[in-house]
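Analysis of the macromolecular model
What follows is the residue order along each chain.
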Amino acid sequence: MATRTHDFSEVQNTFFHYIREIKYATMVTVDRRNRPRARVLLPVWEIVDGRPVGWLAAYRTPVKTAHLAHNPHTTYAYWSPRQNALFVDSVSTWAEDEESRRHAWDLYLRGGPPGVGYDPVHYWRGGPDDPQYHVIRIDPWRVQLVRSTDLGSTIWRRDS
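Residues numbered from 1 in each chain as written. Predicted model: local features only at pLDDT ≥ 70, side-chain atom pairs only at ≥ 80, totals over all residues. Heavy atoms only, no water.

**A look at the nonpolar core**
Put simply, the test is: Throughout this description, the term nonpolar core refers to a set of buried Ala, Val, Leu, Ile, Met, Phe, Trp, Tyr and Cys residues connected via side-chain atoms within 4.5 Å. A 1.4 Å probe rolled over the protein chains alone gives each residue an accessible area, and that area as a share of the maximum for its type sets the label: buried under 20%, exposed over 50%, partly exposed in between. Strands are runs of DSSP state E lasting at least two residues, helices are runs of H or I lasting at least four, and both sets are numbered from the N terminus onward. Residue contacts are defined here by distance: any two heavy atoms, one from each residue, within 4.5 Å place the two residues in contact.
Membership of the largest hydrophobic core comes to 38 residues, with the highest contact counts inside it found for F15, L56, Y76, L86 and I136. At the level of secondary structure, the elements contributing two or more residues to this core comprise helix 1 (12-22), strand 2 (25-30), strand 4 (44-48), strand 5 (51-58), strand 6 (73-79), strand 7 (85-94), helix 3 (98-110) and strand 8 (134-146). In contact with I136, not counting residues within four places along its chain, are M27, G54, W55, L56, A58, K64, L68, Y76, S92, T93, W94 and A95.

Below you can see the structure in the form of structure tokens.
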């Protein structure tokens, strides 16, 4: 049985612990025929107004662009061999404004949470102004944490 909450602060520490432990997430989108597509990426996270917000530095590929245009609902799945798991159901949108692009860049550099991130200049030599550097904003509406010790589950759901 799952424990449920609308207060993200009740799951925030475990959320960040799992992300630090696992680091990489599988991002799942769907195509125009509602078939899933998964890819492994490294989002960074922060808390804004008591809610999680993720940022994903990414190449703007035709597949990702078409999928998000068709349906911006995405899932980011984290799993560790210890059997801890985290599932983030969200709406993902391209953040094309300068402020978001720079904010995500800085969050990757300092770590979001600390210990998760990298120097994006390894992929985008031109820094945050590199024309190949794009950012996806991740706005979760549901987060599920699964503990390995007893497979207990805690679900946070955003108030509508």
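There's more to say after this.
**Quick notes on helix 2 (residues 62-70)**
Which entries qualify depends on this criterion: Think of the arc as the fan of directions from the helix axis to the C-beta atoms.
Residues of helix 2 that are buried: K64, H67 and L68. Projected onto a plane normal to the axis of helix 2, the buried residues spread over an arc of 95° and lie on a single side. Away from its buried face by more than 90 degrees, helix 2 exposes P62 and A69. Where the residues of helix 2 are buried, they touch strand 2, strand 3 (36-41), strand 5, strand 6, strand 7 and strand 8.

**What to know about the layout of surface pockets**
Cut-off, in case you're wondering: Note on definitions: the grid is 1 Å and covers protein atoms alone; a cavity is a set of points where a 1.4 Å probe fits but cannot get out; a pocket is an open set with protein on both sides within 12 Å along at least five of seven lines; lining residues have an atom within 4 Å of a point. Grid points are joined across faces, edges and corners, and a volume is the space filled by probe spheres set on the points.
Space inside the largest pocket adds up to approximately 230 Å³. Around the largest pocket sit Y24, V40, L41, L42, L56, A57, A58, Y59, K64, Y118, Y123 and W124, which together line it. Mapped onto the lining of the largest pocket, the elements with two or more residues apiece are strand 3 and strand 5. In terms of residue count, strand 5 provides more of the lining of the largest pocket than any other element does, 3 residues in total.

**Description of the packing of aromatic side chains**
Keep this limit in mind: The aromatic pairing rule takes the rings of Phe, Tyr and Trp, using the six-membered ring of Trp, and pairs them if the centres are within 6.5 Å, calling planes under 30 degrees apart stacked, those over 60 edge-to-face and the rest tilted.
Scanning the entire structure with this criterion turns up 10 aromatic pairs. Relative to F15, the ring of F8 lies with its centre 5.2 Å away and its plane at 80°, an arrangement referred to as edge-to-face. A relative accessible area of 0% places F15 in the buried class. An angle of 55° between the planes, with centres 4.8 Å apart, marks the rings of Y108 and Y118 as tilted. Here the residue Y108 occupies a position in helix 3, and Y118 occupies one in the loop between helix 3 and strand 8, the gap between them amounting to 10 residues. Accessibility expressed as a relative area gives 1% for Y108, which makes it buried. Y118 gets classed as partly exposed once you look at its relative accessible area, which sits at 22%.

Any link to function would need more than the numbers given here.
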